[in-house]
Amino acid sequence: MGFVIEVAYFVAAVLFIYGLKKMSSPVTARRGIVWAGVGMLVAVLVTFFQPGLHGVGNYLLMFIAIVIGGGVAWVSGKRVAMTDMPQMIALYNGMGGGAAAAIAGVELVRHEPMTLTVQLIAVLGALIGTVAFSGSLIAFAKLQGLQRKTIRFPNQKFVNMAVFAVAVLFGLIIGLSGTGYSGGLLFVFFLLALSFGVMMTVPIGGADMPVVISLYNALTGLAVGFEGFVLGNPAMMIAGIVVGSAGTLLTQLMAKAMNRSLANVLFSNFGSGGAAVQAGEVSGSLKPIEASDAGVMMAYANKVIIVPGYGMAVAQAQHKIWELTELLGERGVTVKFAIHPVAGRMPGHMNVLLAEAGVPYDMIFDLDEINNEFASADVALVIGANDVVNPVARTNPDSPIYGMPILNADKAQNVIVIKRGQGTGFSGVENALFFEDNTRMLYGDGQKVAGELIQTVKSL
Amino acid sequence: MMIEGFVALYIFMLAAFTGYEVISKVPVILHTPLMSGSNFVHGIVLVGAMVALGHAQTPLEQLIGFVGVLLAAGNAVGGYVVTERMLEMFKSSGKGGQ
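So, how was this worked out
- Residues numbered from 1 in each chain as written.
- Chains lettered and ligands numbered in written order.
- Predicted model: local features only at pLDDT ≥ 70, side-chain atom pairs only at ≥ 80, totals over all residues.
- Heavy atoms only, no water.
- UniProt positions renumbered as here; feature names shortened; annotations may be inferred.
- Helix = DSSP H or I, 4+ residues; strand = E, 2+ residues; numbered from the N terminus.
- Areas by Shrake-Rupley, 256 points an atom, 1.4 Å probe, with all protein chains shown as cover.
- Lys, Arg positive; Asp, Glu negative; His and termini not counted.
- Charge placed at Lys NZ, Arg CZ, Asp CG, Glu CD.
- Phe/Tyr/Trp six-rings, centres within 6.5 Å; stacked < 30°, edge-to-face > 60°.
- Buried < 20%, exposed > 50% of the residue type's maximum accessible area, 1.4 Å probe, protein only.
- Lys NZ or Arg CZ within 6 Å of the ring centre and 35° of its normal.
- Contact = heavy atoms within 4.5 Å.
- Salt bridge = Lys/Arg side-chain N within 4 Å of Asp/Glu carboxyl O.
- Polar contact = N/O pair within 3.5 Å; in protein donor to acceptor, adjacent residues only side chain to side chain.
- Nonpolar A, V, L, I, M, F, W, Y, C, P; charged D, E, K, R; others polar.
- Pairing = 2+ DSSP bridges.
- Axes fitted to C-alpha atoms, helices over the stretch in contact; angles between N-to-C directions.
- Domains from an automatic or database assignment.
- Buried area = accessible area lost by both parts, 1.4 Å probe.

By the naming in an unreviewed UniProt entry, chain A goes by NAD(P) transhydrogenase subunit beta and is assigned to Acidihalobacter ferrooxydans. The Function (unreviewed entry) comment attached to chain A in UniProt states, word for word, "The transhydrogenation between NADH and NADP is coupled to respiration and ATP hydrolysis and functions as a proton pump across the membrane." Of chain A, the UniProt comment under Catalytic activity (unreviewed entry) reads exactly: "NAD(+) + NADPH + H(+)(in) = NADH + NADP(+) + H(+)(out)".

What follows is the structure, encoded as C-alpha cells:
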C-alpha cells in the first residue's frame, strides 16, 4: 500500500504542474484546472489509506471536516458574483494558510522529537501560514466592504516590526529547544503571528489589495511546502513551492503594472483616497454629449476601442456593452477591448468580467498589444475607467500616478467617456483626459447609457 | 518517506524554478484565474492536514487537526470551483460569441 500511495502523490504532483502549465493559454486553461483537480482527488483519496493513521474517531472527524469545509466552500464558490471574485480568492487562500499553520500546531503540541532543521522549518511554516491566514481574512473583509476604514496610527511600522520581531524570537526559542518548550509559549507564538498578519494588512489601502492577496497566496504556498517537508510529503513540498514561486512572480508582475515596488505597496499607504494631490494645471472644460450623438458617432466609425473599468462592472453594464459591440460589428465597425493590467479589482479581473458577458477573449487586448492602435481609432469609448487612461501619468511628474503605464485613449480621434458624475477616480486625481478637446462626456449610469447607445445604433 | 538535507534542497530549488517558468509566460488576461488556480493547488495542504489529524492522540490535537482539515478542504474545494467557473467563461470568437 505504501508504494501505491507514493505513486499517487507523484502522479498528483505531475498533474499539478501539467495543469498550471495548461493554464497559460485561454484555449487550454479549463482542461488544465480539471487535470489538477484529478490530481487533487487522487492524492486525497489515497491519504485515507496512509499507514499510521489511527482511531475511528479521527477518521470520523476527518470525514466530517471534509464534508463541512468542502460543502460550504462548494456552495459559496458556486454562488459568488464575478465582481466579488477577488475577495473569495483571498478567503480560500487564507484557509490554506490556516491549515498549514494547524499542521504545524498539531506536530508542535504533541512535542514530538524532531531534528533541529525539521523543527525550525515547522515553526517557520507555522509563522508564515498564520500570517497568511489572518492577513487574507483582513484582505477579504476589506474587499467585501466589512472593514471600510483604513486604520493608521503614528509609528505603526515600528510597532508592526516589533510584533514581528517578538514572534520570530518566540519561534526561534520553540524551534531550538527540542521538546522543552511549553504549551503557553506555543500559544503566545501563534497569537503574535495572528496579530502581525492583521496589523500588517490593516493599513494597506483597498486599491493595493490585489497585490497583497497575491503575496499571501505565495506565502501560503511556501508554508504548505515547509509543512510538506515536516511531514515528509513530497507532493506537498512540490505543490507548495511551485505556488510559492509562481505567486511571487505574479506579485511582482502586478506591482509592476502599477509601476510600484512591493515594498512601496506594503509600506507606503498609497491609494487610500485620503488627501490626494490635485493636479492644478488641468485646463479646458468638460464637454457633454448626448447618447444619440455618441451612438451615431460610433455607428459610422471604422474602428472603436472600448476601455472598460470597474465602474462598468459595478453598473452591470458589461452585457449591454457586448450587445452594443455585436451591433457595431454587424455594421462593419472593428471593435476591440483594451484592458489595463490593473482594471477591475485584480489583474485580469476585467477579462473575467467581460468573459462572463460573452465577449470572446480574442477581442480583448493588453495594454502593450493595443496602445499603438489608439491613434488609428475613430472612437475610444471609456466606460467606468478613470486613472488607467489619465495622461497625467505620462506628463506630470508631481502626480501620484506619474509613471504608471496607461492606455493611450487620448490619442484616438474622438474620446467618449461614460461616467456617472464629475468626481475623480480611485486615486483621487483629476483626469486630464476628460478636459481634452477631442473628449466628450456622456453622463449617466453605465447600464442605462449603454442601453441608449444600443437603441440609437439599432434605429439607424 | 523521509526527505533530508540536500535532497530536500534539490526539490525546493527545482520546484521553485518550475513555478517561475510555468507562470512567466502567462498573459495578463489569465492572471486572476491563474492566481485562483495556484490557490487551488496549495489546497494539497488537505493531505497534510488529514495526516496530522489521523495521528492525533489528545483532544487538543484532534481539535487543531479538525480545524486544519476543515480549512484545507475549504481551500481545495473553493479554489477549484471558483477557478473552474472563471475559466469556463473564456471563449474565442471562432466558436461563436455566446
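**Thoughts on the overall build of chain A**
Counting secondary structure elements, chain A contains 17 helices and six strands. Its C-alpha atoms put chain A at 80 × 50 × 30 Å along the principal axes. Carbon and sulfur atoms make up 64% of the accessible area of chain A, which amounts to about 17900 Å² in all. For chain A, the separation between the mean place of its 27 positive charges and that of its 27 negative charges on side chains is 4 Å.

**Examining the packing of aromatic side chains**
All names here are of chain A. If you walk through the whole model with that rule in mind, you get five aromatic pairs over all chains. Measuring from ring centre to ring centre gives 4.8 Å for F164 and F196, while their planes differ by 35°; the resulting arrangement is tilted. Taken together, the residues F164 in helix 6 (residues 156-176) and F196 in helix 7 (residues 183-201) connect sequence positions 32 residues apart. Overall, the relative accessible area of 10% leaves F196 in the buried class. Note that R331 overlies the ring of Y300, its terminal NZ or CZ placed 5.2 Å from the centroid. Here the basic side chain of K336 rests over the ring of F365, its NZ or CZ set 4.9 Å away from the ring centre.

**Let's talk about unusual backbone geometry**
Residues and elements named next belong to chain A. Despite not being glycine, H111 shows a phi value in the positive range, around 55°. Phi at Q316 is positive, roughly 55°, even though this residue is not glycine. If you trace the backbone, Q316 turns up in the loop between helix 12 (310-314) and helix 13 (318-330). Given a relative accessible area of 38%, Q316 falls into the partly exposed group.

**Concerning the interface of chain A and chain B**
The interface of chain A with chain B comprises 106 residues on the first partner and 83 residues on the second. For the pair chain A and chain B, the number of links is two salt bridges. With a shortest N-O distance of 3.2 Å, A:R110 and B:E61 are connected by a salt bridge. Summed over the shared surface of chain A and chain B, the number is 22 residue pairs in polar contact (both at pLDDT 80 or more). Where the side of chain A that touches chain B is concerned, the elements lending two or more residues are helix 1 (2-22), helix 2 (29-47), helix 3 (56-79), helix 4 (85-109), helix 8 (209-231), helix 9 (234-257) and helix 14 (349-357) of chain A. Class assignment for the residues of the side of chain A that touches chain B results in 68 nonpolar, 28 polar and 10 charged.

**Overview of the environment of B:A73**
Inspection of the secondary structure puts B:A73 in helix 4 (residues 59-88). Given the relative accessible area of 1%, B:A73 is considered buried. Put simply, B:A73 and B:I44 are 29 residues apart on the chain and 9.0 Å apart in space, counted from C-alpha to C-alpha. The residues touching B:A73, leaving out its near neighbours within four places in the chain, are A:A65, A:I66, A:G69, A:G70, B:L46 and B:G78.

**Structural notes on the sheet that holds strand 5 (residues 414-419) of chain A**
Residue and element names in this part refer to chain A. Strand order across the open sheet formed by six strands is 3-2-1-4-5-6, with parallel pairing between neighbours. Unpaired on one side and paired on the other, strand 3 (364-366) and strand 6 (439-443) mark the two borders of the sheet. When the angles between neighbouring strand axes are averaged without regard to direction, this sheet yields 25°. Sheet strands touched by helix 11 (residues 291-299): strand 1 (303-308), strand 4 (379-383), strand 5 and strand 6. Its angle to strand 5, the strand with the most contacts, is close to 140°. Docked against the sheet, helix 13 engages strand 1, strand 2 (334-339) and strand 4, running at close to 145° with respect to strand 2.

**Section: the UniProt feature "transmembrane region" (unreviewed entry) in chain A**
All names here are of chain A. According to UniProt, the positions carrying the feature "transmembrane region" (unreviewed entry) are residues 6-21, 33-53, 59-77, 89-106, 118-138, 158-178, 184-204 and 236-255. Taken end to end, residues 59-77 is 100% helix and 0% strand, and its two terminal C-alpha atoms sit 26 Å from one another. Here residues 158-178 is 90% helix and 0% strand, with 31 Å between the C-alpha atoms at its ends.

**Focus: the domain arrangement of chain A**
All names here are of chain A. Here chain A is partitioned into domain 1 (2-267) and domain 2 (291-459). Taking only C-alpha atoms into account, the centre of domain 1 sits 37 Å from that of domain 2. Tallying the contact residues gives 16 residues for domain 1 and 18 residues for domain 2. For the pair domain 1 and domain 2, the two sides together bury roughly 1400 Å², of which 78% comes from carbon and sulfur. Taken as a group, M82, T83 and A257 account for 37% of the area that domain 1 buries against domain 2, more than any other trio of residues on that side. Joining domain 1 to domain 2, the criterion identifies zero salt bridges. Taken together, the connections running from domain 1 to domain 2 amount to one residue pair in polar contact (both at pLDDT 80 or more). Going through the elements one at a time, helix 4, helix 8 and helix 9 are the ones with two or more residues in the side of domain 1 that touches domain 2. The element contributing the most residues to the side of domain 1 that touches domain 2 is helix 4, with three residues. For the side of domain 1 that touches domain 2, the class distribution of residues is 13 nonpolar, three polar and no charged.

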